[in-house]
Amino acid sequence: MELTAPQKENIQKIEHSNLFTPGFFSSKVSEVVGWARKNSIFQFPMVTACCGMEYMSVACSHYDIDRFGAGFPRFSPRQSDVLFVVGTISHKMAPVMKRIYEQMTEPKWVVAFGVCTCTGGFYDNYATVQGIDTIIPVDVYIPGCPPRPETVIDGLIKLQEKIEHSGFESRPGK
Ligand code: SF4
């Protein structure tokens, strides 16, 4: 049976639609996985100093970080996908932090919470790590001494954006 002109046109449209472009299905799966991951953040809080007070206040019901799927901390690195480093890291603590990071499985992300973790802050001395990114990769920096809850929530939103678009890639060098 001969196809009519509109039928031929429809077939051409389907053939040229996005459905048949290479990578269509893998990019859709990646979007769904990104969406699911960004809303189920299992954080490992490594709390070492005074920033911990602000971390606890943000984790309480008033700021409701459950909205970001991040309200349920895990205290095993093997069950966590985001390492929250909260407070000053001394050179003595640095190997512990690195070990915790290495025990987490991919995909994983790191948040530097407070200026001490970002840069060493005003502890410019022989005992303090001058920024945890000299030891492990950091995805989001939350500045402040301590950071205000609004800044922490802003950092969480930035982390979610990063998680959503990270697809199936591993970190460089993995
Ligand atoms: S950034 Fe300020 S509040 Fe946070 S650990 Fe350092 S000194 Fe304490």
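First, a word on scope: everything that follows refers to the structure included in this document. Just so it is clear, the model here is predicted, and its values are computed rather than measured. (Residues numbered from 1 in each chain as written. Predicted model: local features only at pLDDT ≥ 70, side-chain atom pairs only at ≥ 80, totals over all residues.)

1. With respect to helix H6 (residues 149-164)
Filter applied, for reference: Helix and strand definitions follow DSSP, with helices as H or I runs of at least four residues and strands as E runs of at least two, each counted in order from the N terminus. One less than the residue count of a helix, multiplied by 1.5 Å, gives the span that helix is expected to have. Buried residues are those with 20 or more other C-beta atoms within 10 Å of their own C-beta, exposed residues have 12 or fewer, and partly exposed residues lie in between; C-beta atoms are placed from the backbone. Regarding the arc, it is the one traced by the directions from the helix axis to the C-beta atoms.
Counted at 1.5 Å a residue, the expected span for H6 with its 16 residues is 22 Å, and the 22 Å between its end C-alpha atoms agrees. For H6, the set of buried residues is Val 152, Gly 155, Leu 156, Leu 159, Gln 160 and Ile 163. Here the buried residues of H6 occupy an arc of 145° about the axis, which is enough to place them on one side.

2. A closer look at the pairing of strand S3 (residues 109-113)
The condition is simple: Any two strands between which DSSP finds at least two bridges are classified as paired.
Of all the five residues making up S3, five are buried; the element is thus mostly covered by neighbouring parts of the structure. Alternating positions in S3 separate into two faces, Trp 109, Val 111 and Phe 113 on one and Val 110 and Ala 112 on the other, with burial throughout. One ladder, built from five bridges, connects strand S2 (residues 82-86) with S3; its direction is parallel. Within S3, the position partnered with Phe 84 by the bridge is Val 111. In this structure, S3 lies alongside strand S4 (residues 140-142), joined through three bridges in parallel fashion. From the neighbouring strand, Phe 113 faces S4, where its bridge partner is Ile 142.

3. Digging into the nonpolar core
Condition: Remark: nonpolar core denotes a set of buried Ala, Val, Leu, Ile, Met, Phe, Trp, Tyr and Cys residues whose joining runs through C-beta atoms within 7 Å. In this description, a residue-residue contact is defined by the distance between C-beta atoms placed from the backbone, which must lie within 7 Å.
Among the nonpolar cores identified, the biggest contains 33 residues, and Leu 83, Phe 84, Val 85, Val 111, Ala 112 and Phe 113 are the most heavily contacted of them. Where this core is concerned, the elements lending two or more residues are strand S1 (43-47), helix H3 (51-59), S2, S3, helix H5 (115-119), S4 and H6. Beyond its immediate chain neighbours, meaning those up to four positions away, Val 85 contacts Met 46, Met 97, Val 110, Ala 112, Phe 113, Thr 117 and Ile 132.

4. A short note on the sheet that holds S3
So the rule is basically this: Here, axes are lines fitted to C-alpha atoms. For helices the fit covers the stretch in contact, and angles between N-to-C directions go from 0 to 180 degrees.
Ordered by their spatial adjacency, four strands build an open sheet running S1-S2-S3-S4, and the pairing between neighbours is parallel. Where the open sheet ends on each side, the last strands, each with one partner, are S1 and S4. For this sheet the average axis-to-axis angle between neighbouring strands, irrespective of direction, equals 15°. Across the face of the sheet, H6 comes into contact with S2, S3 and S4 while running at roughly 175° to S4.

Fair warning: the whole summary comes from geometry, so function is off the table for now.
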